[in-house]
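# Structural overview for review
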Amino acid sequence: MGKNDNKILLERDQYGLRPYTFYLKCMLGGVLACGVTHASVVTLDVAKCRSQAHSKSGKWPSGLVPSLRKIIVEEGLAGMRVGWVPTFFGYGAQGLFKFGLNEVFKDIYGNMIGGEENIESKAAKMLLWAAASGSAEIFADIALCPFEMTKVKMQVTLPGDANALPRSLIPAMRHMASTSVESKFPFGSLMPLWGRQVPYTMIKFVGFYLTADFVYDQLLKRKGLEKKDIKPATQLAITFACGYWAGIFCAVATQVCIYSSSIENTVSAFFLKSSLLICFDWNDITIITGNLTFKPMDNLVSMKGIPEYKTKTWGQMAKDMGIKNLFLRGLATRVIMIGTLTGLQWWIYGSFKNLMGFGTS
């Protein structure tokens, strides 16, 4: 593709939209960015999910290194890649919409307010980025949900468990479908997934764009370098660093989630009021006393996939796990995972866009 062709793809119509081939290529970049990165760290995901789900009962170690060691000793390489297929296809599908539709919505919403490039207010830019990425994530999670439900169930199932889920994608999905009354497969976790992922994605994109703007502004002020004057390889290094920083912030911020996805169609919301933590469930309301700030839900996601917790409320599971574990269990692993994932995702996406002649992200 020549430079003139690339220029045509970047031109906008009266509605602020570019040719559909531009968005299709961005979607392909999103597939690679999310599918490859999530699948590459699936071993950390297995360790995290099992620690969150089983360490309280003593069936699984709580630390990352002991958890990884146990996987290697007991299951070998096969255990280290449990769930990688639904991870690749699920997050690949999510990336298609997350990155591709973000470009679409950014152009649509930007055109409504005079074009992104003409916005001077930082707050207005942040609102645009949040609205575009949040809108895209709604569709992305619909694509992800069946795969995510299957992946989590695969990863929290220990070797030798009764009625263990098959580790191949199609048989596993068939098994989930056969128990859909119980598991609510394939979209039973969609509402809580939206509650967790939409805010996460908004933080991820706004954080990245803000950091990148800051870095390039500093380079202009201190070195007199505009972005166009910087080599693509250096731009991509900046892209990775900005993505990693945004990922760390995402990991810490979303460890305290309002909603959580689960294997079952249970949606919980935690609200702080005075010294009471009120846990709302579709079926009942549980009140947990204590001087708490917020309640992290990520640890309870994995626990819900364990048979003995299927009938328990979120409040009961929170009591069983304990406050310290709710806040801290799996956080270090999550920081490593999300920081690395986000940095690599933006680097891959930026590299693909640059390869297509659209410039880096």
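Residues numbered from 1 in each chain as written. Predicted model: local features only at pLDDT ≥ 70, side-chain atom pairs only at ≥ 80, totals over all residues. Heavy atoms only, no water.

## A word on the side chain of Glu137
Here is the rule we go by: The helix count covers DSSP runs of H or I at least four residues long, the strand count covers runs of E at least two residues long, and both are numbered beginning at the N terminus. Think of it in three bands: with a 1.4 Å probe and only protein chains considered, a residue is buried below 20% of the maximum accessible area for its type, exposed above 50%, and partly exposed in between. By definition in these notes, contact holds between two residues if any of their heavy atoms fall within 4.5 Å.
Within the secondary structure layout, Glu137 lies in helix 6 (residues 122-156). On the basis of relative accessibility, which here comes to 0%, the residue Glu137 falls in the buried class. The residues touching Glu137, leaving out its near neighbours within four places in the chain, are Gln94, Lys98, Trp194, Gln197, Val198 and Thr201.

## Considerations on unusual backbone geometry
For the peptide bond that leads from Phe185 to Pro186, omega is 10°, which places it in the cis range. By secondary structure assignment, the location of Pro186 is in the loop between helix 8 (180-183) and helix 9 (190-223). Phi at Lys184 is positive, roughly 65°, even though this residue is not glycine. Relative to the assigned elements, Lys184 resides in the loop between helix 8 and helix 9. Judged by its relative accessible area of 37%, Lys184 falls in the partly exposed class.

## Let's talk about helix 6
Note the following rule: Expected helix span is taken as 1.5 Å per residue step, with the number of steps being one fewer than the number of residues. Bend, in this description, refers to the angle at a residue between axes fitted to the seven residues ending there and the seven starting there. Throughout this description, a polar contact denotes any pair of N or O atoms lying within 3.5 Å of each other; where both atoms belong to protein, one of them has to be capable of donating a hydrogen while the other can accept it, and for residues adjacent in sequence the pair is counted only when both atoms sit in side chains.
For helix 6, spanning 35 residues, the distance from its first C-alpha to its last is only 43 Å, which falls clearly below the expected 51 Å at 1.5 Å a residue. Where helix 6 bends most, at Leu144, the angle is about 45°, and the proline Pro146 comes one to four residues later. Burial within helix 6 is extensive, with 26 of its 35 residues counted as buried. With a side-chain oxygen lying 3.3 Å from the backbone nitrogen of Ala123, the N-terminal cap of helix 6 falls on Ser121.

## Points about the nonpolar core
Quick reminder of the rule: Grouping buried Ala, Val, Leu, Ile, Met, Phe, Trp, Tyr and Cys residues that are joined through side-chain atoms within 4.5 Å yields what is termed a nonpolar core.
Phe99, Leu101, Phe208, Tyr209, Trp346 and Tyr349 are the most contacted members of the largest nonpolar core, which totals 50 residues. Listed by contribution, the elements that provide at least two residues to this core are helix 2 (20-40), helix 3 (42-54), helix 5 (84-112), helix 6, helix 7 (169-178), helix 9, helix 10 (232-255) and helix 14 (331-355). A per-element tally of this core places helix 6 first, with ten residues. The contacts of Tyr349, once residues within four sequence positions are left out, are Cys26, Gly29, Gly30, Ala33, Phe99, Glu103 and Ser361. Judged by nonpolar contacts, the second largest core, of seven residues, contains Val41, Ala251, Ile338 and Leu341.

## Description of a nonpolar patch on the surface
Threshold: Each patch groups residues whose relative accessible area exceeds 30% and which form no salt bridge, using 9 Å between like charges and 5 Å between nonpolar side chains of Val, Leu, Ile, Met, Phe, Trp and Tyr. Computed by Shrake-Rupley with a 1.4 Å probe, the accessible areas treat only the displayed protein chains as cover when residues are assessed. By definition here, a salt bridge exists when the distance from a side-chain nitrogen of Lys or Arg to a carboxyl oxygen of Asp or Glu is within 4 Å.
Together, Ile138, Phe139, Ile142 and Phe187 make up a nonpolar patch on the protein surface, roughly 340 Å² of accessible area in all. Along the chain, the position of Phe187 falls in the loop between helix 8 and helix 9.

## Section: the packing of aromatic side chains
The test is simple: Between rings of Phe, Tyr and Trp, where Trp is taken as its six-membered ring, a pair exists when centres lie within 6.5 Å; planes separated by under 30 degrees are stacked, by over 60 edge-to-face, and by other angles tilted.
Across all of its chains, the model carries 16 aromatic pairs by this definition. Between Phe99 and Tyr349, the ring centres sit 4.5 Å apart and the planes meet at 35°, which makes this aromatic pair tilted. With Phe99 in helix 5 and Tyr349 in helix 14, the pair connects residues that are 250 residues apart, well separated along the chain. Residue Phe99 is classed as buried on the basis of its relative accessible area, which comes to 1%. A centroid spacing of 5.0 Å and a plane angle of 70° characterise the contact between Phe205 and Trp346, whose relative ring orientation is edge-to-face. Of this pair, Phe205 sits in helix 9 while Trp346 sits in helix 14, placing them 141 residues apart in sequence.

## Quick word on the pattern of salt bridges
Using the criterion set out here, one finds 14 salt bridges in the structure. The closest approach of N and O atoms between Asp213 and Lys122, which form a salt bridge, is 3.9 Å. Highlighted residues: Asp213 in helix 9 and Lys122 in helix 6, separated in sequence by 91 residues. Take Asp213: its relative accessible area is 25%, and that puts it in the partly exposed class. Beyond isolated ion pairs, a larger network of salt bridges with shared partners links Arg12, Arg18, Glu103, Lys106, Asp107, Glu116 and Lys353.

## Some words on the packing of helix 6 against helix 9
Our working definition: Axis angles are defined between N-to-C directions and span 0 to 180 degrees, where every axis is a line fitted to C-alpha atoms and, for a helix, only to the segment in contact. The cut-offs work like this: below 35 degrees is roughly parallel, past 145 is roughly antiparallel, 65 to 115 is roughly perpendicular, and the gaps in between are oblique. For any pair of crossing helices, the crossing counts as left-handed if the nearer helix is rotated counterclockwise from the farther one by less than a right angle, and right-handed if it is rotated clockwise. Residue polarity follows a fixed list, in which Ala, Val, Leu, Ile, Met, Phe, Trp, Tyr, Cys and Pro are nonpolar, Asp, Glu, Lys and Arg are charged, and the others, Gly among them, are polar.
For the pair helix 6 and helix 9, the least separation of the axes is 7 Å and the interaxial angle reads 140°. Judged by the angle between their axes, helix 6 and helix 9 are oblique. When you trace helix 6 past helix 9, the crossing you get is right-handed. Tallied by class, residues from the contact of helix 6 with helix 9 come to 16 nonpolar, four polar and seven charged.

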